[in-house]
Amino acid sequence: MALRLTEIFFSLQGEAARAGLPTVFVRLTGCPLRCVWCDTEYSFTGGEPATIASVLAEVAKYPTRQVCVTGGEPLSQKECLPLLTALCDAGYDVSLETSGALDVAAVDPRVARIMDLKAPDSGESARNRWENLDVLTVRDEIKIVIASRGDYEWARDALRLRNLAQCCQVLLSPAQGRVEPRMLAEWILEDGLDVRFQMQLHKVLWGNMKGK
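### Quick notes on the sheet that holds strand E5 (residues 93-98)
Next, step 1: Reading across from one edge, E3-E1-E2-E4-E5-E6-E7-E8-E9 is the order of the nine strands in this open sheet, with mixed pairing throughout. With one partner strand each, in any of the chains shown, strand E3 (48-50) and strand E9 (196-197) form the two edges of the open sheet.
Next, step 2: Examined bridge by bridge, strand E4 (residues 66-70) and E5 share four bridges and lie parallel to one another. Following the sheet pairing, Gln66 is matched in E5 by Asp93.
Next, step 3: Together, strand E1 (3-12), strand E2 (22-28), E3 and E4 form the strand contacts of helix H1 (residues 52-59), whose direction differs from that of E1 by roughly 15°.
Next, step 4: Where helix H3 (residues 149-161) meets the sheet, its contacts fall on strand E7 (141-146) and strand E8 (169-174), and the angle it forms with E7 comes to roughly 155°.

### Focus: a nonpolar patch on the surface
Next, step 1: Taken together, Phe197, Met199 and Val204 make up a surface patch of nonpolar side chains, about 260 Å² in accessible area.
Next, step 2: Secondary-structure assignment places Phe197 in strand E9.

### Quick word on helix H5 (residues 181-191)
Next, step 1: Taken as a whole, H5 has its buried residues at Leu184, Trp187 and Ile188. For H5, the buried positions fall inside an angular range of 95° around the axis, keeping them on one side. Those residues of H5 that are exposed and aimed more than 90 degrees away from the buried face are Arg182, Leu189 and Glu190.
Next, step 2: Looking at the buried side of H5, the elements it contacts are E7, H3, E8 and E9.
Next, step 3: Residue Gly192 follows H5 closely and has a positive phi angle near 60°.

Reading guide: rules and limits
Residues numbered from 1 in each chain as written. Predicted model: local features only at pLDDT ≥ 70, side-chain atom pairs only at ≥ 80, totals over all residues. Heavy atoms only, no water. Pairing = 2+ DSSP bridges. Helix = DSSP H or I, 4+ residues; strand = E, 2+ residues; numbered from the N terminus. Contact = heavy atoms within 4.5 Å. Axes fitted to C-alpha atoms, helices over the stretch in contact; angles between N-to-C directions. Patch = residues over 30% accessible without salt bridge, like charges linked within 9 Å, V, L, I, M, F, W, Y side chains within 5 Å. Areas by Shrake-Rupley, 256 points an atom, 1.4 Å probe, with all protein chains shown as cover. Salt bridge = Lys/Arg side-chain N within 4 Å of Asp/Glu carboxyl O. Buried < 20%, exposed > 50% of the residue type's maximum accessible area, 1.4 Å probe, protein only. Arc of directions from axis to C-beta.

Following this line, the structure appears as structure tokens:
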């Protein structure tokens, strides 16, 4: 079975603990979610067929060992799991950006899972698969995009009620154009949350440009 591939590109990682590292991004096509603030709607449909071998050959053209498999929702394709394993076997430091709506348990343990929890203003909070929290390790990360004060309070309550910081590092990120970054930073400091504030570095540098 072939992969459906939207793009492969070389840029700086803009998010999570690897922010700033030169990284090859493998963006797979398709996503079952429709978050209202999504910035990669172009990856929902289309794409081109690709094999794992062809993806590995393209990734090898770039001067880095950092690879991020993203989407869309990459786990919506069955071939994503063997792709992740193949990248790890080839010696890459692999991360996976996933919505948190699908089961992450079968992901190769060498892969760092950067897993979203969807706050209410995403329109998809009912899709959160809370069972995923049970399989996350310190190698993984939880990301919550904040689009309002209500989203922030939801995230704050989830942190406390579900002990999210005990699972792994938690990242709070302002939704572009919906929450002022400074405001989110002040909320975090006021409540003393055990989280990492983050902005999307690639958007600071290039704006919302495809392939960056």
